[in-house]
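# Breakdown of the fold
One letter stands for each residue in the lines below.
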Amino acid sequence: MFDGDTLESTFHFGVFLNNELLGICSFFKNNHKNLDYNTQYQLRGMAILNYQQGKGLGKLVLNFAENHIKSLGIKIVWCNAREVATKFYVKNDYSIFGEPFNIEGIGTHYAMFKVLN
């Protein structure tokens, strides 16, 4: 659970198979100080069950979520991506900005963004 998870402006998306939750992503209305857009959404949580990874489910739920946010007139989304996840986000048209940073107990992260066209 993150602060803001229950706000009306926060969105949670999941991918299911036979009523089993296989993966999620959550977007939180939050502006990054280094991005020049009035309204932004931050991808705050993204996960696919280990045994389901590599099957395209992450791309599926992420694209669905981005399309929903785009339909609200939002032009940009961003995230703090773990170093091991940056390749996934680059494949999904996210770009790194700024310098890498460490989140204690978790590791190196990169700020990434995507303009929703």
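These numbers come from a predicted model, not from an experiment.

### Structural notes on the pairing of strand E2 (residues 20-29)
Pairing of strand E1 (residues 11-17) with E2 involves 7 bridges; the strand directions are antiparallel. Following the sheet pairing, Gly14 is matched in E2 by Ile24. Counting the residues that bridge the hairpin from E1 to E2 gives 2 residues, and of these Asn18 lies at a positive phi of roughly 50 degrees. Across 7 bridges, E2 lies against strand E3 (residues 40-48) in antiparallel orientation. Bridge pairing links Ile24 to Ala47 in E3.

### Digging into the side chain of His32
Here His32 lies in the loop between E2 and E3. For His32, a relative accessible area of 15% corresponds to the buried category. Engagement of the side chain of His32 in a polar contact is seen with the backbone nitrogen of Asn34, the distance being 3.0 Å. Residues in contact with His32, not counting those within four places in the same chain, are Gln40, Trp78, Phe97 and Ala111.

### Considering unusual backbone geometry
The residue Asn18 is not glycine, and still its phi comes out positive at about 50 degrees. Within the secondary structure, Asn18 is located in the loop between E1 and E2. Positive phi is not limited to glycine here, since Asp93 has a value of about 70 degrees. Under the relative-accessibility criterion, Asp93 is labelled exposed at 57%.

### Re the pattern of salt bridges
Scanning all chains against the criterion turns up 1 salt bridge. Residues Lys114 and Glu66 are paired through a salt bridge, measuring 2.7 Å at the closest nitrogen-oxygen approach. Highlighted residues: Lys114 in strand E6 (residues 107-115) and Glu66 in helix H1 (residues 57-71), separated in sequence by 48 residues. Note on accessibility: Lys114 and Glu66 belong to one class, buried.

Each value, and the rule that gives it
- Residues numbered from 1 in each chain as written.
- Predicted model: local features only at pLDDT ≥ 70, side-chain atom pairs only at ≥ 80, totals over all residues.
- Heavy atoms only, no water.
- Pairing = 2+ DSSP bridges.
- Helix = DSSP H or I, 4+ residues; strand = E, 2+ residues; numbered from the N terminus.
- Buried < 20%, exposed > 50% of the residue type's maximum accessible area, 1.4 Å probe, protein only.
- Polar contact = N/O pair within 3.5 Å; in protein donor to acceptor, adjacent residues only side chain to side chain.
- Contact = heavy atoms within 4.5 Å.
- Salt bridge = Lys/Arg side-chain N within 4 Å of Asp/Glu carboxyl O.

Everything listed here is a matter of geometry and, on its own, says nothing about what the molecule does.
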